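Geometric and topological summary
Residue-level listing of the chains:
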Amino acid sequence: EIGTTRLGEHGYGITDASYAALRGDKIGAIRALREAVEEGWRGPFWRGQLLFASEFVPLQGDPGFQAVVAEIRGDMAKARAELPQLQQAAPAVP
């Protein structure tokens, strides 16, 4: 079961979500995806992975999947908004 037996590369949740989706386990895939996001997953290619990877395409109409994607988008928008302040506060590099 997803969540108790860690699967995939280093047992990381996004891979668990991929495996569950490939098995046709939509509930397990969304649960594993939610767990991965709660654990901090925001991979550098999150948009491509979630919106274009074939295993996740069947999940895209599910409200649970959409909520996870919306959460990541919100987090990314917040990070982009904070970037100018972080750049100003960063010490100059010679």
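Our structure is the block above this text.
Along each chain, the written sequence defines residue order, and numbers are assigned to residues from 1. For a predicted model such as this one, the threshold for reporting local features is a pLDDT of at least 70, and the threshold for listing and counting side-chain atom pairs is 80 or more; totals across whole chains, interfaces and linings nevertheless cover every residue. As a rule here, side-chain values come from all non-hydrogen atoms in the structure, and water together with hydrogens is ignored.

Moving on, we come to helix 1 (residues 13–22). A 1.4 Å probe rolled over the protein chains alone gives each residue an accessible area, and that area as a share of the maximum for its type sets the label: buried under 20%, exposed over 50%, partly exposed in between. Secondary structure is summarised from DSSP: a helix means a run of H or I of at least four residues, a strand means a run of E of at least two, and numbering begins at the N terminus for each. The buried fraction of helix 1 is high, at 8 of 10 residues. Close packing links the buried residues of helix 1 with helix 2 (26–38) and helix 3 (46–52). Once helix 1 finishes, G24 follows within two positions and takes phi at roughly 85°, a positive value. We call two residues in contact whenever any of their non-hydrogen atoms come within 4.5 Å of each other.

Glancing now at the pattern of salt bridges. A side chain of one charge can pair with a side chain of the opposite charge if their charged atoms are brought near each other. Criterion for a salt bridge: a side-chain nitrogen of Lys or Arg within 4 Å of a carboxyl oxygen of Asp or Glu. Counted under the stated rule, the structure contains 3 salt bridges. For E71, the salt bridge is made with R34, and the minimal N-O distance between the two is 2.4 Å. Here R34 lies in helix 2 and E71 lies in helix 4 (residues 63–89), a separation of 37 residues in the sequence. Classification of E71 by relative accessible area gives partly exposed; the value is 29%.

A few words now on helix 4. Helix length check: helix 4, at 27 residues, gives a terminal C-alpha distance of 39 Å against a target of 39 Å (1.5 Å per residue), a fit within 8%. Regarding helix 4, the residues found buried are F65, V68, V69 and I72. In this structure, the buried residues of helix 4 make contact with helix 2 and helix 3. Any N or O atom pair separated by 3.5 Å or less is treated as a polar contact, with the protein-specific requirement of one donor-capable and one acceptor-capable atom, and with residues adjacent in sequence counted only for side-chain atom pairs. Put simply, D62 is the residue that caps the front of helix 4, since its side-chain oxygen is 2.7 Å from the backbone nitrogen of G64. What a helix is expected to span follows from its residue count: subtract one and scale by 1.5 Å.

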